[in-house]
Amino acid sequence: YEEQLGPGSEKTLEATFSLIIVTCSSNGEIIDKLRVLVGRMVGVLGEENVVTLNALNQLGEVLRDNGENEEARKVYERCLAGQVKVF
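Residues numbered from 1 in each chain as written. Predicted model: local features only at pLDDT ≥ 70, side-chain atom pairs only at ≥ 80, totals over all residues. Heavy atoms only, no water.

Kindly report on the state of the cysteines, identifying the contributing residues and their values.
Here the structure, examined in full by the defined rule, presents zero disulfides. Looking at Cys24, it has no disulfide partner, and the nearest cysteine sulfur is the one in Cys79, 19 Å off. On the accessibility criterion, Cys24 (12% relative accessible area) is buried. A relative accessible area of 2% places Cys79 in the buried class. (Disulfide = S-S within 2.5 Å. Buried < 20%, exposed > 50% of the residue type's maximum accessible area, 1.4 Å probe, protein only.)

Describe the pattern of salt bridges, naming the residues involved and giving the relevant values.
Counted by the stated rule, this structure contains nine salt bridges. A salt bridge links Lys33 to Glu29, with the nearest nitrogen and oxygen atoms 3.4 Å apart. Here Glu29 and Lys33 lie together in helix α3 (residues 27-44), a separation of four residues that amounts to about one turn. The exposure class of Lys33 is partly exposed, given its relative accessible area of 39%. With relative accessibility at 26%, the residue Glu29 sits in the partly exposed group. Between Arg35 and Asp32 there is a salt bridge, with the nearest N and O atoms lying 3.9 Å from each other. (Salt bridge = Lys/Arg side-chain N within 4 Å of Asp/Glu carboxyl O. Helix = DSSP H or I, 4+ residues; strand = E, 2+ residues; numbered from the N terminus.)

Quick one: what's the story with the nonpolar core, residue by residue and with numbers?
One finds Leu34, Leu37, Met41 and Leu59 to be the most contacted residues of the largest nonpolar core, which totals 20 residues. Contributing elements (two or more residues each) for this core: α2 (10-23), α3, α4 (50-65) and α5 (69-86). In terms of residue count, α4 provides more of this core than any other element does, seven residues in total. When sequence neighbours within four positions are dropped, the list of residues in contact with Leu34 reads Phe17, Ile20, Ile21, Gln58 and Leu59. (Core = buried A, V, L, I, M, F, W, Y, C linked by side-chain atoms within 4.5 Å. Contact = heavy atoms within 4.5 Å.)

Rendered as structure tokens:
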């Protein structure tokens, strides 16, 4: 997608999100990569984009699974605030 649509395309960012979830071997790796990707998504798609919100929610889940509960709560709250505006 990136080659055809560019690095800032919603499809490219969504495909990158899927690849991170499928190919990363540890929660730490997923967290690191999702933090970067969510930053890109917010910059390109905005905080209130469904794809961005999905990635934020997944980041919260992995943080929770990794025992990083306070950060997970903050990410979930951020995601919920966006969902309230979108839905």
